[in-house]
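# Observations on the three-dimensional arrangement
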Amino acid sequence: MSKKPQHRTTDKEDFKLHGSWKLSIVDLNRLHEVWGVRLTRQRVIATIAGALMLSVALGVLLITFTPLSFLLPGYLNSDSRNAYERLNMQTDSLNAVVSNQTVYLENLMALLLPDPEIVESPVVITEDSIHLIPVDSLLPTSKIETEFVQRHEENEKYKLSVLTPLPSKILPFTAPVKGAVNSTDNTATITQPVYTTPSGATVNSCYGGRVIASYFTPGSGATVIVQHPLNFISVYRGMERTRVSDGEKVSTGQSLGTMPSSSPQLHFELWLDGERVNPAEYFNL
């Protein structure tokens, strides 16, 4: 009685089991399987996703907690970034002052040295035209003018409006946060006050202007810097998130961002002509 030959499956059929694959290491000398693992589509996808997540987490840890982050282009620590901001604001303010002085000197030179092309022929003064000559402003002041100036100065001496800084009268600043309390410690200067605000409070622009910087720094939170007229700059640091972007034009009282729900502290600075000034001299929070 003859036996039926048994059907032997191919190698491909041995390793393919209903949508799964088996990866094996075989000792050819002994025809013995040394190691093997069965793979499926789900297991392959999960393995690749896990490897990617592990790589991303490792990269974040290296950048955050090691000095390797300082080697990345454009990454600065909080102290270096603050120093960079101060230098930028001082440079912008000095450029504005130099520009104004240049225009003033050009106008002065135009008055003292008129364009020779405009004077086509010399002016001849006759007796008939002597009354058309304007009074020379370089002549010494008369007694009546001197007495008038003295009376005016005496009357204006005790007026409070004279003692008020001119920019603060022109720019009616408003409080950036309602209900804030000054919590500046003794080691900080009055030009860098820290205000404790209500939880999740909205931070508004103290005056209209244009946003020159809006970014987020680990440890300092979100920061917004606004350029105002008359060389004023306001800085809002310590927010949870911002609502404006670089170059955006903002109006007085417009929302710039929100404070965090826990330990909300707003670091506010006001700059004038490249120098920090005391915000309390211009408005009250």
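Sequence order sets the numbering: in each chain, residues are counted from 1 along the sequence as written. For a predicted model such as this one, the threshold for reporting local features is a pLDDT of at least 70, and the threshold for listing and counting side-chain atom pairs is 80 or more; totals across whole chains, interfaces and linings nevertheless cover every residue. No hydrogens and no water enter the side-chain calculation; it runs on all heavy atoms of the structure.

It is worth spelling out the confidence of the model for the protein at this point. Confidence of the predictor in every single residue is expressed as pLDDT, which spans 0 to 100. The predicted model of the protein has a mean per-residue pLDDT of 76, with 72% of residues at 70 or higher. Long-range and interchain partners of residues 12–17, a stretch whose pLDDT sits below 50, account for six contacts in this model, where long-range means more than four residues apart. Note on residues 116–120: pLDDT is under 50 here. Beyond four places in sequence and across chains, it has zero contacts. In this description, contact between two residues means that some pair of their heavy atoms is separated by no more than 4.5 Å.

The subject of this paragraph is the side chain of T223. Helix numbers and strand numbers start at the N terminus; a helix is a DSSP run of H or I with at least 4 residues, a strand a run of E with at least 2. In this fold, T223 is placed in strand β7 (residues 221–227). Ignoring anything within four residues of it in the chain, the contact list for T223 reads A213, S214, Y215, V235, Y236, R237, M239 and T242.

It is worth spelling out the pairing of strand β6 (residues 209–217) at this point. The rule for pairing is simple: two strands pair if DSSP sees at least two bridges between them. Where β6 meets strand β10 (residues 249–250), two bridges bridge the pair, whose relative direction is antiparallel. Bridged to G209 within β10 is V250. Direction of pairing for β6 relative to β7: antiparallel, over a ladder of seven bridges. Directly across from A213, in β7, lies its bridge partner I225. Hairpin remark: β6 followed by β7, antiparallel, with three residues in the connecting loop; positive phi at G219, about 100 degrees.

Two rings from Phe, Tyr or Trp (for Trp, the six-membered ring) form a pair when their centres are within 6.5 Å of each other. A pair whose planes differ by under 30 degrees is stacked, one over 60 is edge-to-face, and the rest are tilted. Summed over all chains, the structure comprises five aromatic pairs. Taking 6.0 Å as the distance between ring centres and 65 degrees as the angle between the ring planes, the aromatic pair formed by F173 and Y207 counts as edge-to-face. Here Y207 lies in the loop between β5 (202–204) and β6 and F173 lies in the loop between α6 (166–170) and β3 (181–182), a separation of 34 residues in the sequence. On the numbers, 5.2 Å between centres and 70 degrees between planes, the contact of F173 with F232 is edge-to-face. Of this pair, F173 sits in the loop between α6 and β3 while F232 sits in strand β8 (residues 232–239), and the two are 59 residues apart along the sequence. The burial state of F173 is the same as that of F232; both residues are buried. Within the aromatic cluster, the residues linked to one another by ring pairs are F173, Y207, F232 and Y282. We call a residue buried when its accessible area falls under 20% of the maximum for its residue type, exposed when it is over 50%, and partly exposed in between, using a 1.4 Å probe and counting protein chains only.

Turning our eyes to something else, we now look at the pattern of salt bridges. Salt bridge, as used here: a side-chain nitrogen of Lys or Arg that lies within 4 Å of a carboxyl oxygen of Asp or Glu. Within this structure, the stated rule accounts for three salt bridges. Among the salt bridges present, the one from E85 reaches R237, with a minimum N-O distance of 2.8 Å. One end of the pair, E85, is in helix α3 (residues 78–112); the other, R237, is in strand β8, with 152 residues separating them in the sequence. Within the structure, one salt-bridge network assembled from shared partners comprises E85, R237 and E269.

Moving on: the nonpolar core. What is meant by a nonpolar core is a set of buried Ala, Val, Leu, Ile, Met, Phe, Trp, Tyr and Cys residues, joined one to another through side-chain atoms within 4.5 Å. If you look at the biggest cluster of nonpolar residues, it comprises 27 residues, and the most contacted ones within it are F173, Y236, L270 and Y282. Of the residues forming this core, the biggest block, four residues, is contributed by strand β12 (residues 265–272). If we skip the residues at most four places from it in the chain, F173 touches C206, Y207, F232, L270, Y282 and F283. Core analysis: the next-biggest nonpolar cluster, separate from the first, contains seven residues, A213, Y215, I233 and W271 among them.

Across a sheet, strands are paired by hydrogen bonds formed along the backbone, either parallel or antiparallel in direction. Pairing within the open sheet is antiparallel, and its three strands lie in the order β5-β11-β9. Pairing within the sheet leaves two strands with one partner each, and these edge strands are β5 and β9 (241–242). Of the pairings in the sheet, the one linking β5 to strand β11 (residues 255–258) comprises three bridges and is antiparallel in character. Residue pairing across strands places N204 opposite S255, the latter belonging to β11.

Side chains on a regular strand alternate between the two faces of the sheet. Here strand β1 (residues 20–27) runs beside strand β2 (residues 32–40); their pairing, made up of eight bridges, is antiparallel. Looking across to β2, one finds that K22 is bridged to R38. Counting the residues between successive antiparallel strands, the hairpin from β1 to β2 contains four residues, one of them, L31, with a positive phi of roughly 50 degrees.

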